[in-house]
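Listed below, chain by chain, are the residues.
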Amino acid sequence: MNLTESLLHALKAHGAQQIFGIPGDFALPFFRIIEQTQILPLYTLSHEPAVGFAADASARVNMGLGVAAVTYGAGALNMVNAVAAAYAEKSPLVVLSGGPGKGESRSGLLLHHQAKTLDSQFQMYREITCDQARLDDAARAPADIARVLGNCLHHSQPVYIEIPRDMVAQPCDAVPRAAPPDIDDDALDACVAEILARLKHARSPVLMAGVEVRRFGLEDKVAQLSRRLGLPVVTSFMGRGLLVHHDAPLIGTYMGVAGLPEVTRLVEESDGLFLLGEILSDTNFAVSEQKIDLRKTIQALDGQVTLGYHTYAEIPLNALVDRLLATAPDAGATITAQRQSFPRNLVSDDATLTPTDIATAVNDLMAVHGKMPIAADMGDCLFTAMEIEFTPLVAPGYYATMGYGVPAGLGIQAATGQRPLILVGDGAFQMTGWELGNCRRYGWDPIVLLFNNASWEMLRTFQPESSFNDLGHWGYAEMAAGLGGHGVRVGTRAELKAALDEAIATRGQFRLIEVTLPRGVLSATLQRFVVGVKRLSGAK
Ligand code: S1T
Ligand code: MG
C-alpha cells in the first residue's frame, strides 16, 4: 500500500464519506490516486472557499470527518476563511494540501504558490486547526495520521495534513487507530453527582443543547436524558437544527431580545441553566434581555465542565452524557413549557413579499411534502430560518461568514443524497452562488430561495446612510439556465407559492427562485434583533 492509500483508508475508517477538492500541480499525483482507487468519492467544485464550506457541511450532517483536498499555496490559502469558520464552529474538517517535494524545496529557487517561506502555509494553518502533520517520512506517517485524525474527532475541530508531492506513492504501512484519552472515573462520578444535585434543587432547570451535542453524535442520548430529568430543551441561534428528529421536549431557540419572549424568559429566569456543548459566543448570548449569570450555569464544553467557580478538566462530552444517563433517576416531572409555533397558511395573493412570507411558504411546503434539510447563508435568510419549522439546518450561526449557503447545500446532497433547501441573500449569492453550475455533473437538484433585496441589507439596517450597501439587480433568475438549472423571479405571495409547488414537483435540476423583496423589509426575527441590539447598545 502507498502513503496516499493508507491515508484514504484511515480517513474512511475515521468516518469520512467523500472528499471535496480542487487539484493543482502540487496535488495532481495525490488526486490521481484518489480517483484511481475510489476509496472515497471525489467531488470537485469551482473555488476553494466552496470546497471548504461543502466539506464542513458534509461533516456536520454526517457527524463524521469532512475532507477538503487542495493544492499548495493558491489553493490552501484560498480556503483559510472556510477552515476558520469550521474551527470556530467546531466542525471536524480535514484539510489535505499538496506540497513541494524534497528536491524542489532544496532547489534554491522560490517556488510558485510560495508566499513567504515554504513553511508559511503550515504555520498559518496552525492558527485554525487543532493538529497538523507534514507526511515527509513514510515510516512516521501512519502514527502522524493516526494522531491527527484522532484529535480531529476528539476535539471536533479541523486538522491540517500536508502531503509533499514526492511522497504520495511511497510504500507505507496501514494507519493504526489512536487510543482515546483516559478518563478519571472518580472525577466523572463527582462531576455527574454535582450536576444532578444542582438540577434537582433548581426551581426551573433548562437544558440548552449546543453544537457539540451533534458533533459527537449525542442527540438521541440527550433527548433521552432531557425526558428522564424532565428538562425543557432549547437551542441557541447557532444550535438551531439540533434534536429535530429526536423525541426531545424541544421548546424553541433562545435569541434573547431577538427571540420569542416566552423562550427568552424560560432561559433567562432559569436557576439551573445546563449549557451542554454550547459555545459561549456573542451571537448566542450577547442579546440577552437580562444578562445570564454564567457563574450560576452548568457549562460542558471543550471536554471540561464548569460549575460556579470550579472546573472539572478532561470530561469528554460523550462520557459525561453516558454517565448522566447511567446515573440520573427518572424525575417524573412533566414539562409544561410549550413548543414554539411557526407561521403557516400563506395567503396566495398579489401582496409583495416579506422574508416571513418565505418562511410561511416553506412551512406550508414541508407540511405537505415532508421536512427538507436546510443550508442557510449569513444575512436575513438565516434570521428567517428561525421562523421555519424545526428541521436539520447547517449555517454559520456564530462565525457568520457569507458564502456558506450554496456550497453547504451541495455538501448536504453529496453527503446524504437528500434534496436540500438553500436560503441565501443576493450579496452572499454573488460570492459562491456560481457553484450551482456543478450540480449537473453530480445530479444535485437543490431548491434555492434567493432573498433579493438588492442590498447588503443587514449592514444597511445598522448604517442606512451608506450607499455602498446598494447592490443593484443582477438578473439571477436568468443566470440559472446557463448554469444547468431552472430560474424564476417571484414578487408576490401567489407567485412564490406557485414557484415552490413547481420546484418540489420537479427533480433532476436545481431550481432557483429569486424572491424580490422591497427595500428595507426584514424578517420579524431580524427586526426584533435590530431593535433589541440598538436598545441594548443605547443607539438611536
Ligand atoms: N464578507 C463575508 C465573507 N462575510 C460577512 N459576514 C461579511 C463580509 C460582512 C457582512 C455581514 S451581513 C452582510 C455582510 C457583507 C450583508 C449580507 O448581504 P446579503 O447576503 O444580501 O444578505 P442580506 O441582504 O439579508 O443582509 C455580517 C453582519 O458580518
Ligand atoms: Mg441582500
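Along every chain, residues carry numbers that run from 1 in the direction the sequence is written. Going through the entries in the order they are written, you letter the chains from A and number the ligands from 1. It should be noted that, the model being predicted, local features are given only for residues of pLDDT at least 70 and side-chain atom pairs only at 80 or more, the latter also being counted only at that level, while totals for whole chains, interfaces and linings use all residues. The basis for the side-chain values is all heavy atoms of the structure; hydrogens and waters are excluded.

Peer 1: Please set out the overall build of the protein residue by residue, giving values where relevant.
Peer 2: Tallying secondary structure elements over the protein gives 22 helices and 19 strands in all. C-alpha atoms define the radius of gyration, and 2.2 Å times the number of residues to the power 0.38 defines the globule rule. A compact globule built from 540 residues would reach a C-alpha radius of gyration of about 24 Å, and the protein, at 24 Å, matches this within 12%. Taking the principal axes of the C-alpha coordinates as reference, the protein spans close to 65 × 65 × 45 Å. The 540 residues of the protein split such that 59% are buried. Residue contacts are counted whenever heavy atoms from the two residues lie within 4.5 Å of one another. A separation threshold of at least 6 residues defines the contact pool for the protein, and within that pool the share at least 24 residues apart is 77%. Only DSSP runs of H or I covering at least 4 residues are called helices, and only runs of E covering at least 2 are called strands; the numbering of each starts at the N terminus. Three labels apply to residues, based on accessible area from a 1.4 Å probe with only protein chains included: buried if under 20% of the type maximum, exposed if over 50%, partly exposed otherwise in between.

Peer 1: Give me a nonpolar patch on the surface: which residues, what numbers.
Peer 2: Note on patches: the residues involved have over 30% relative accessible area and no salt bridge, like charges join within 9 Å, and the nonpolar side chains Val, Leu, Ile, Met, Phe, Trp and Tyr join within 5 Å. For every accessible area listed, the method is Shrake-Rupley and the probe measures 1.4 Å; residues are considered covered only by the protein chains on display. For this document, the term salt bridge refers to a Lys or Arg side-chain nitrogen within 4 Å of an Asp or Glu carboxyl oxygen. Together, Trp-456, Leu-459 and Phe-468 make up an exposed nonpolar region whose accessible area comes to about 320 Å². Within the secondary structure, Leu-459 is located in helix H19 (residues 457-462).

Peer 1: Let's hear about the site of ligand 1: which residues, and what values?
Peer 2: Residues are counted as near a molecule or strand when any one of their heavy atoms sits within 4 Å of it. Neighbouring ligand 1 are 17 residues, the closest being Asp-380, Ala-400, Asp-426, Gly-427 and Met-458. In the analysis that follows, any N or O atom pair within 3.5 Å is treated as a polar contact, provided that within protein one partner can donate a hydrogen and the other can accept it, and provided that, for residues neighboring in sequence, both atoms belong to side chains. Here a nitrogen atom of ligand 1 and a backbone polar atom of Ala-400 are 2.8 Å apart. Take Gly-427: an N or O atom from its main chain is 2.8 Å from an oxygen atom of ligand 1. With the chains in place, 77% of the 630 Å² that ligand 1 exposes on its own is no longer accessible.

Peer 1: If you had to explain the sheet that holds strand S15 (residues 393-394) to someone new, which residues and values would you point to?
Peer 2: The strand order S15-S14-S16-S17-S19-S18 describes an open sheet built from 6 strands, whose pairing is parallel. Edge positions in the sheet fall to S15 and strand S18 (486-490), since each has one partner strand and no second. Here, a strand pair is defined by DSSP locating no fewer than two bridges between the strands. Sheet analysis places strand S14 (residues 374-376) next to S15, joined by 2 bridges and oriented parallel. Residue Ile-374 lies in a different strand from S15, and its bridge partner there is Leu-393.

Peer 1: Explain the domain arrangement of the protein residue by residue, including any values.
Peer 2: It is common to give the size of an interface as the accessible area lost on bringing the parts into contact. Bear in mind that the domain bounds are from an automatic or database domain assignment. Taken domain by domain, the protein consists of domain 1 (3-164), domain 2 (185-327) and domain 3 (355-534). Taking the mean C-alpha position of each, domain 1 and domain 3 sit 30 Å from one another. Between domain 1 and domain 3, the contact holds 23 residues from the first and 24 residues from the second. Accessible area that two parts lose when put together, with a 1.4 Å probe and added across both, is what the buried area reports. Of the roughly 1,800 Å² buried between domain 1 and domain 3, counting both surfaces, carbon and sulfur atoms make up 63%. For the pair domain 1 and domain 3, the number of links is 0 salt bridges. Across the domain 1-domain 3 interface, the total number found is 13 residue pairs in polar contact (both at pLDDT 80 or more). Put simply, the parts of the chain that give the side of domain 1 that touches domain 3 at least two residues each are strand S2 (42-44), helix H3 (48-62) and helix H4 (80-88).

Peer 1: Now, about the coordination of the magnesium ion (ligand 2): what can you tell me, with residues and values included?
Peer 2: Distances from the magnesium ion (ligand 2) to its protein donors, namely Asp-426 (OD), Asn-453 (OD1) and Ser-455 (O), fall within the range 2.1 Å. Along the chain, the residues donating to the magnesium ion (ligand 2) fall in the pattern D-x26-N-x1-S. Placement of Asp-426 in helix H17 (residues 426-432) and of Asn-453 in the loop between strand S17 (447-452) and H19 is noted, with a sequence separation of 27 residues between them. Across the pair, exposure class does not vary: Asp-426 and Asn-453 are buried alike. Note that water is not among the atoms used; donors are N, O and S atoms within 2.8 Å of the metal (3.2 Å for Na, K and Ca), so sites may look incomplete.

Peer 1: Describe unusual backbone geometry, naming the residues involved and giving the relevant values.
Peer 2: The backbone of Gln-38 sits at a positive phi, close to 55°, despite the residue not being glycine. Tracing the backbone shows Gln-38 in the loop between helix H2 (28-37) and S2. In this model, His-113 sits at a positive phi of 75°, which is unusual for a non-glycine residue. Assessed through its relative accessible area of 31%, His-113 is described here as partly exposed.

Peer 1: For the sheet that holds strand S9 (residues 250-254), give the residues involved together with the corresponding values.
Peer 2: Judged by pairing direction, the sheet is mixed, and its 7 strands sit side by side in the order S9-S8-S7-S10-S11-S12-S13 without closing on themselves. Since the sheet does not close on itself, it has two edges, and those belong to S9 and strand S13 (310-312), each with one partner. Geometrically, the sheet is characterised by an average inter-axis angle of 20° between neighbouring strands, direction not taken into account. Sheet analysis places strand S7 (residues 205-209) next to strand S10 (residues 272-276), joined by 5 bridges and oriented parallel. What sits directly across from Ala-209, in S10, is Leu-276. Fitted lines through C-alpha atoms serve as axes, helices being fitted only where they are in contact, and the angles separating the N-to-C directions of these axes extend from 0 to 180 degrees. In the packing of helix H13 (residues 317-327) onto the sheet, the strands contacted are S10, strand S11 (298-301) and strand S12 (304-307), and the crossing angle to S10 comes to about 135°.

Peer 1: Could you give me a rundown of the pattern of salt bridges, with the residues and numbers involved?
Peer 2: If charged atoms from side chains of opposite charge come close, those side chains can pair. Considering all chains together, one arrives at 33 salt bridges under this definition. Here Arg-147 ties to Asp-131 by a salt bridge, and the two come within 2.8 Å at their closest N and O atoms. With a gap of 16 residues between them, Arg-147 in helix H7 (residues 141-155) and Asp-131 in strand S5 (residues 131-134) connect regions that are remote in the sequence. Owing to a relative accessible area of 34%, Arg-147 belongs among the partly exposed residues under this scheme. Judged by its relative accessible area of 10%, Asp-131 falls in the buried class. When salt bridges with common partners are traced through the structure, they connect Asp-131, Asp-136, Asp-137, Arg-140, Asp-144 and Arg-147 into a single cluster.

Peer 1: Can you lay out the packing of helix H1 (residues 3-13) against H7 for me, pointing to particular residues and giving the numbers?
Peer 2: At their nearest, the axes of H1 and H7 sit 11 Å apart, and the two run at 25° to each other. Our classification of the angle between H1 and H7 gives roughly parallel. The way H1 lies across H7 gives a crossing that is right-handed. Contacts from Leu-3, Leu-7, Ala-10 and Leu-11 in H1 reach Ala-141, Ile-145 and Leu-149 in H7. Residue composition of the contact of H1 with H7, by class: 7 nonpolar, no polar and no charged. Orientation categories follow fixed angle ranges, with anything under 35 degrees roughly parallel, anything over 145 roughly antiparallel, 65 to 115 roughly perpendicular, and all other angles oblique. We call a crossing left-handed when the near helix sits turned anticlockwise from the far one by less than a right angle, and right-handed when that turn is clockwise. Under the convention adopted here, Pro, Cys and the residues Ala, Val, Leu, Ile, Met, Phe, Trp and Tyr are nonpolar, Asp, Glu, Lys and Arg are charged, and Gly plus all remaining residues are polar.

Peer 1: So what's going on with the pairing of S18? Residues and values would help.
Peer 2: Regular strands place side chains that alternate from one sheet face to the opposite one. Examined bridge by bridge, S18 and strand S19 (residues 511-516) share 5 bridges and lie parallel to one another. What sits directly across from Gly-487, in S19, is Leu-512. We call a crossover right-handed when, viewed with the strands running away from us, the connection from the first strand over the helix to the second turns clockwise. With helix H21 (residues 493-505) bridging S18 and the parallel S19, this β-α-β connection has right-handed handedness.

Peer 1: If you had to explain the environment of Lys-102 to someone new, which residues and values would you point to?
Peer 2: Examined against the element boundaries, Lys-102 turns out to sit in helix H5 (residues 102-105). Note: C-alpha distance between Lys-102 and Asp-136 (34 residues apart in sequence) is 8.3 Å.

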